[in-house]
Amino acid sequence: MNSEILQPLGMADTTLRPTPEQQKRLAQGHSRAGQDAPRWPVFAWYAAGGLRSTAQDMISFGEAYLGHKEVNGKPVSAEMIAAMQLAQKPIFTMPNGNKQAMAWVNNMGGGNPNLHAVIVKNGGTSEFGTVIAINSTKDAAIFIGMNQVGADPAEKAVEILRRLP
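Summary of the structure given here. (Residues numbered from 1 in each chain as written. Predicted model: local features only at pLDDT ≥ 70, side-chain atom pairs only at ≥ 80, totals over all residues. Heavy atoms only, no water.)

**Some remarks on the overall build of the chain**
Counting its regular elements, the chain contains five helices and eight strands. N-terminal to C-terminal, the α/β element order of the chain is α-α-α-β-β-α-β-β-β-β-β-β-α. By the compact-globule yardstick of 15 Å for 165 residues, the chain fits well, its C-alpha radius of gyration being 16 Å. Principal axes of the C-alpha set define a box for the chain whose edges measure 45 × 40 × 30 Å. Contacts spanning at least 24 positions in sequence make up 44% of the contacts within the chain whose residues lie at least 6 apart. (Helix = DSSP H or I, 4+ residues; strand = E, 2+ residues; numbered from the N terminus. Rg over C-alpha atoms; globule rule 2.2 N^0.38 Å. Contact = heavy atoms within 4.5 Å.)

Structure below.
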């Protein structure tokens, strides 16, 4: 992950094991009642919520996902762009009309032919909800991170991307 994605894209603040300096900058999660929530024992969940990142790093990832040939002043290889495009390719149509790709969902806008697909990857832990959404038609990426139990920012990200001129 480090040598294939993070370093080439200049994503220095995305890691499984934050440094002491990075730990100072970690957001505090909250319960539904607004109380501080305990941190997940990430060592047991590396594949589900283990990465720690910043909004800037996630936007860098989004730029590469859009197929930009340069991110943070560094060239993005044709191989990385091809892999990211392959990960967006739908492989299954869900009952609601959205299309599932490799971990990403192509939100098809309920079949409305006037709406462009927005590619979405959301996630979260017991105290956070996150989403990165891509609208390649508008060359736009958005990342939203929320620090409260039950947060699901995916709908808002799709709405924002669809309202862009």
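That shown, we press on.
**Considerations on the packing of helix α3 (residues 55–65) against helix α4 (residues 78–88)**
Orientation of α3 relative to α4, taken along the N-to-C sense of each, is 90°, at an axis distance of 9 Å. Judged on the interaxial angle alone, α4 and α3 are roughly perpendicular. Touching F61, A64 and Y65 of α3 are M84, A87 and Q88, all from α4. Its residues assigned to classes, the contact of α3 with α4 shows five nonpolar, one polar and no charged. (Axes fitted to C-alpha atoms, helices over the stretch in contact; angles between N-to-C directions. Parallel < 35°, antiparallel > 145°, perpendicular 65-115°, else oblique. Nonpolar A, V, L, I, M, F, W, Y, C, P; charged D, E, K, R; others polar.)

**Topic: the nonpolar core**
If you look at the biggest cluster of nonpolar residues, it comprises 19 residues, and the most contacted ones within it are L9, F61, Y65, M84, W104 and I134. When contributions to this core are tallied by element, the ones reaching two or more residues are α3, α4 and β7 (128–135). Other than its neighbours up to four places away in sequence, W104 contacts F61, Y65, A87, K99, I119, V120, K121, I132 and I134. Core analysis: the next-biggest nonpolar cluster, separate from the first, contains eleven residues, A140, I142, A157 and V158 among them. (Core = buried A, V, L, I, M, F, W, Y, C linked by side-chain atoms within 4.5 Å. Buried < 20%, exposed > 50% of the residue type's maximum accessible area, 1.4 Å probe, protein only.)

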